[in-house]
Amino acid sequence: MSAAEPTRARPGTGNAEWQERKVAAIARGQGNIAPVYVERAMNAELWDVEGKRYIDFGTGIAVCNTGHSNPKVVAAVKAQLDKFSHTCVMVTPYDTAVRLAEALNELAPGSTAKKSMFVTTGAEAVENSIKIARAHTGRRGVIAFNGGFHGRTLLAMGLTGKITPYKNLFGPFPGEVYHAPFPIDYHGVSVDDSIKALQAVFKIDIAPSDVAAIIVEPVQGEGGFYAAPNEFMQALRNICDEHGIVLVTDEIQTGFGRTGRFFATEYSGIEPDLMTVAKGIAGGFPLAAVVGKAGIMDAPLPGGLGGTYAGSPIGCAAALAVIEVIRDEGLVERANAIGARFRERLQALKARHPSTIGDVRANRGAMIAIELVEDGDVDRPAADLTRALVAAAYEHGLALLSCGVNGNVIRFLPALTISDELIDEGLDVLDACLAELLQ
Ligand SMILES: Cc1ncc(COP(=O)(O)O)c(C=O)c1O
């Protein structure tokens, strides 16, 4: 094979052959859930290189909330491409970035005047939220939560509260990062337990007057789809107010209508100081942002925040279209209807498999999960079954994702534009696969 040949697709190449080439060409650290090579995707369906169709319950991990190749998003991107694709927002900016910042400032929870700044990935948004909090407070410490996920860059990885595969092999970790338990009723951790443990961090590890930021996901994503109770978010708000700590809510997975509110933080009624957004913001184009109180956002010096591709014109055009689609098509309300449909079906499934489905979590719009256990025991995670169920689902034409600190949670993140018929068809596949595996 000549040097140029590997870059050419050979007609008729199937999933197995691509997977073999992928394993040989791409580092194993960048693993893939399924050996399914996508040829095209439309709304809530995918087709692979062999022509097989899949119902997509994952949307590329909560990215294509407005559906794959949403026609309005595609049109906005094409129009932008015809004008220009890059100048760098930090050199010669463009109106779409300003309009998007204005829209995000308006959408962010709470009445305090807001500003935004753009980057490219979720991890970068997290890193920048901590930089801003540190610049504003002149303090160094950061507190995050067990089971939280904030990204794979050094500081974001340090904040992440799960070792395998995100942290082992990658130390040393950034200093002055502390973790407290996240309240999960199903696992016997109450809000009170969690707040007491946080107060203990202030006694044992770092004085609250040295803490720049507390960062929290309003619904833990990778950690297992656990919604933060409203009273927990309110308690964090009070603690931050008492000690002058910046409260950062990480809305990277929960944002843009996904949870049945525009942002999941809205459930608790609190106003975060800073909020990180990415994923669903631009319907599949790489864009992320920090949105927050203007007085805090302006702490870093000009040039201290940003990046070459920060707020790319393509991403900004896509994001403006995404926001319009969410509003015009009532997708926030639709997320709640999707959640209700899943809830009914999944609870019926749990009733038929009570010792396997330990918990159904479907009270945050279209961010839905089931936790699989052995013999109904919350402390015996059924990780092997979860893996097998995901594999079987792909075999039967359903794209599914798992998550959870113990790898025993199936998460459902369908496009908010999915039809009821496709939801039912996808859940029929899940039902049949589970029944077959439990036989
Ligand atoms: C809550 C949360 N924060 C941060 C990130 C990191 O985002 P990215 O993968 O775009 O860097 C993720 C990604 O899954 C996430 O779910």
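Rules used throughout
Residues numbered from 1 in each chain as written. Predicted model: local features only at pLDDT ≥ 70, side-chain atom pairs only at ≥ 80, totals over all residues. Heavy atoms only, no water. 1 Å grid on protein atoms, 1.4 Å probe; cavity = no way out; pocket = protein on both sides within 12 Å on 5 of 7 lines; lining within 4 Å. Points joined across faces, edges and corners; volume = space filled by probe spheres on them. Nonpolar A, V, L, I, M, F, W, Y, C, P; charged D, E, K, R; others polar. pLDDT = per-residue confidence, 0-100. Contact = heavy atoms within 4.5 Å. Pairing = 2+ DSSP bridges. Helix = DSSP H or I, 4+ residues; strand = E, 2+ residues; numbered from the N terminus. Axes fitted to C-alpha atoms, helices over the stretch in contact; angles between N-to-C directions. Near = heavy atom within 4 Å. Polar contact = N/O pair within 3.5 Å; in protein donor to acceptor, adjacent residues only side chain to side chain.

Student: I keep staring at empty space enclosed by the protein and nothing clicks. Help me out?
Tutor: Here the idea is plain: a probe the size of a water molecule rolls over the atoms and shows the empty space left. Taken as a whole and assessed by the stated rule, the structure comprises one cavity of 30 Å³ or more. Considered as a void within the structure, the largest cavity measures approximately 30 Å³ in volume. A class-by-class count of the residues in the lining of the largest cavity yields five nonpolar, three polar and one charged.

Student: Is there a simple way to think about the confidence of the model for the protein chain in this case?
Tutor: Any segment with low pLDDT has predicted coordinates that should not be analysed in fine detail. When pLDDT is averaged along the protein chain, the result is 96; 97% of the residues meet or exceed 70. Counting interchain partners and residues more than four positions distant, the pLDDT-below-50 stretch residues 1-6 has three contacts.

Student: Explanation requested: the sheet that holds strand S6 (residues 177-180) in the structure shown.
Tutor: Strand-to-strand pairing in sheets goes through backbone hydrogen bonds, with the strands running parallel or antiparallel. A sheet is described by the order of its strands in space; here seven strands give the open sequence S4-S12-S11-S10-S7-S5-S6, paired in mixed fashion. Edge positions in the sheet fall to strand S4 (114-119) and S6, since each of these pairs with one other strand and no more. When the angles between neighbouring strand axes are averaged without regard to direction, this sheet yields 20°. Of the pairings in the sheet, the one linking strand S7 (residues 211-216) to strand S10 (residues 246-250) comprises four bridges and is parallel in character. When the sheet's bridge partners are listed, alanine 213 is paired in S10 with valine 246.

Student: Would you explain the site of the ligand in this entry?
Tutor: In the neighbourhood of the ligand, the contacting residues comprise Thr121, Gly122, Ala123, Phe149, His150, Gly151, Glu217, Glu222, Asp250, Ile252, Gln253 and Lys279. The backbone of alanine 123 places a nitrogen or oxygen atom 2.8 Å from an oxygen atom of the ligand. One of the side-chain nitrogen or oxygen atoms of lysine 279 is found 3.1 Å away from an oxygen atom of the ligand. Counted by class, the shell around the ligand contains three nonpolar, five polar and four charged residues.

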